Amino acid sequence: MIYLLLKLRFVMALASIGVIAAAALMFWEGLLTLWHAFAYVRTDPDLAVIAAVMRATDKLLFAIVLVIFGCAIALGFLVDLSPKQRAALPGWMIIDSVAELKNLFIQMIILYLVVHFATLVAETDQMLQWNALVLPASILLLAGAMRLIASAPGHGGHGEVNTAPERSRASINEPGDS
């Protein structure tokens, strides 16, 4: 039974491959949008160029985050790495728990919303209306929720219980410890 359950983890390979494929698609879309921005420089160099560059940045940043997310899924839940191989990887590729993956996902959403809001502001050549504040308010609420989740015990944040043995005060103040 355990052997069967261990083989089911390879279903995660489909998720990782799908996320990496989505990242490739977003890179392609971002590069095409950037290519169109060069055409706007010749025809309409005002607001269209800024908006196109912001849209391209939005897509490229999202593609980068998807690559990070796909690698985190594959290396965190699919591949069993030796400690030497694990130490050779950059820190952003290593995910140890579902809580860290959840935190990464929330960060990905916040990043996308911030860049999307900046793109909307760049595309608008007139004064924004009050309902444009919904997006920044949702960004703040998501950031607050992420902070609360990260600070909860057991989620790898600030509230995590330190399991390392602590030295007692008596052993710290012993003569000969300098």
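Model, not experiment: these values are computed from the prediction. (Residues numbered from 1 in each chain as written. Predicted model: local features only at pLDDT ≥ 70, side-chain atom pairs only at ≥ 80, totals over all residues. Heavy atoms only, no water.)

## Digging into the overall build of the chain
Inference 1: The helix and strand inventory of the chain stands at 7 helices and 0 strands.
Inference 2: What you see in the chain, going N to C, is helices and strands ordered as α-α-α-α-α-α-α.
Inference 3: Taken across its 178 residues, the chain has 25% of its residues classed as buried.
Inference 4: Pairs at least 24 apart in sequence give 64% of the contacts found in the chain among residues at least 6 apart.
Inference 5: Of the accessible surface of the chain, which amounts to about 12,300 Å², a share of 69% is contributed by carbon and sulfur atoms. (Helix = DSSP H or I, 4+ residues; strand = E, 2+ residues; numbered from the N terminus. Buried < 20%, exposed > 50% of the residue type's maximum accessible area, 1.4 Å probe, protein only. Contact = heavy atoms within 4.5 Å. Areas by Shrake-Rupley, 256 points an atom, 1.4 Å probe, with all protein chains shown as cover.)

## Some words on the packing of helix H5 (residues 98-123) against helix H6 (residues 134-151)
A pair of packed helices can be characterised by two numbers: the angle between their axes and the separation between those axes.
Inference 1: With their axes 10 Å apart at the nearest point, H5 and H6 run at an angle of 160° to one another. Put simply, H5 runs roughly antiparallel to H6. In the crossing of H5 with H6, the sense of the turn from one axis to the other is left-handed. Residue-level inspection shows Lys102, Asn103, Ile106, Gln107, Ile109, Ile110, Leu113, Val114, His116, Phe117 and Leu120 of H5 in contact with H6, the latter providing Leu135, Pro136, Ser138, Ile139, Leu142, Ala143, Met146, Ile149 and Ala150.
Inference 2: Its residues assigned to classes, the contact of H5 with H6 comprises 15 nonpolar, 4 polar and 1 charged. (Axes fitted to C-alpha atoms, helices over the stretch in contact; angles between N-to-C directions. Parallel < 35°, antiparallel > 145°, perpendicular 65-115°, else oblique. Left-handed = near helix turned anticlockwise from the far one by under 90°. Nonpolar A, V, L, I, M, F, W, Y, C, P; charged D, E, K, R; others polar.)

## Things to note about the packing of aromatic side chains
Inference 1: Overall, the coordinates contain 2 aromatic pairs when judged by the stated rule.
Inference 2: With a centroid separation of 5.6 Å and 40° between ring planes, the pair formed by Phe69 and Phe105 is classed as tilted. Taken together, the residues span a long stretch of sequence, with Phe69 in helix H3 (residues 47-78) and Phe105 in helix H5 at a distance of 36 residues.
Inference 3: Take Phe69: its relative accessible area is 11%, and that puts it in the buried class. (Phe/Tyr/Trp six-rings, centres within 6.5 Å; stacked < 30°, edge-to-face > 60°.)

## A look at a nonpolar patch on the surface
Inference 1: A grouping of Met1, Leu4, Leu5, Leu8, Val11 and Leu14 is seen on the molecular surface, where their side chains present a nonpolar patch of about 670 Å² in accessible area.
Inference 2: Only helix H1 (2-7) and helix H2 (11-43) provide two or more residues apiece to the nonpolar patch.
Inference 3: Note on placement: Leu5 falls in helix H1.
Inference 4: Overall, the relative accessible area of 47% leaves Leu5 in the partly exposed class. (Patch = residues over 30% accessible without salt bridge, like charges linked within 9 Å, V, L, I, M, F, W, Y side chains within 5 Å. Salt bridge = Lys/Arg side-chain N within 4 Å of Asp/Glu carboxyl O.)

## Thoughts on the environment of Tyr40
Inference 1: On the secondary structure map, Tyr40 appears in helix H2.
Inference 2: Residues Tyr40 and Ala52 lie 12 residues apart in sequence; the distance between their C-alpha atoms is 8.2 Å.

## Notes on the pattern of salt bridges
Inference 1: All chains considered together, the criterion is met by 1 salt bridge.
Inference 2: The residue Lys59 makes a salt bridge to Glu29 at a minimum N-O spacing of 3.7 Å. Of this pair, Lys59 sits in helix H3 while Glu29 sits in helix H2; the two residues are 30 residues apart in sequence, bridging distant segments of the chain.
Inference 3: Assessed through its relative accessible area of 23%, Lys59 is described here as partly exposed.

## Details of the confidence of the model for the chain
Inference 1: Of the residues in the chain, 84% have a pLDDT of 70 or more, and the chain-wide mean is 78.
Inference 2: The low-confidence segment residues 157-178, where pLDDT is below 50, has 12 contacts with residues more than four positions distant or belonging to other chains. (pLDDT = per-residue confidence, 0-100.)

## Focus on the side chain of Thr33
Inference 1: Tracing the chain through its elements places Thr33 in helix H2.
Inference 2: With residues near it in sequence (within four places) discarded, Thr33 still touches Ala52, Arg55, Ala56 and Lys59.

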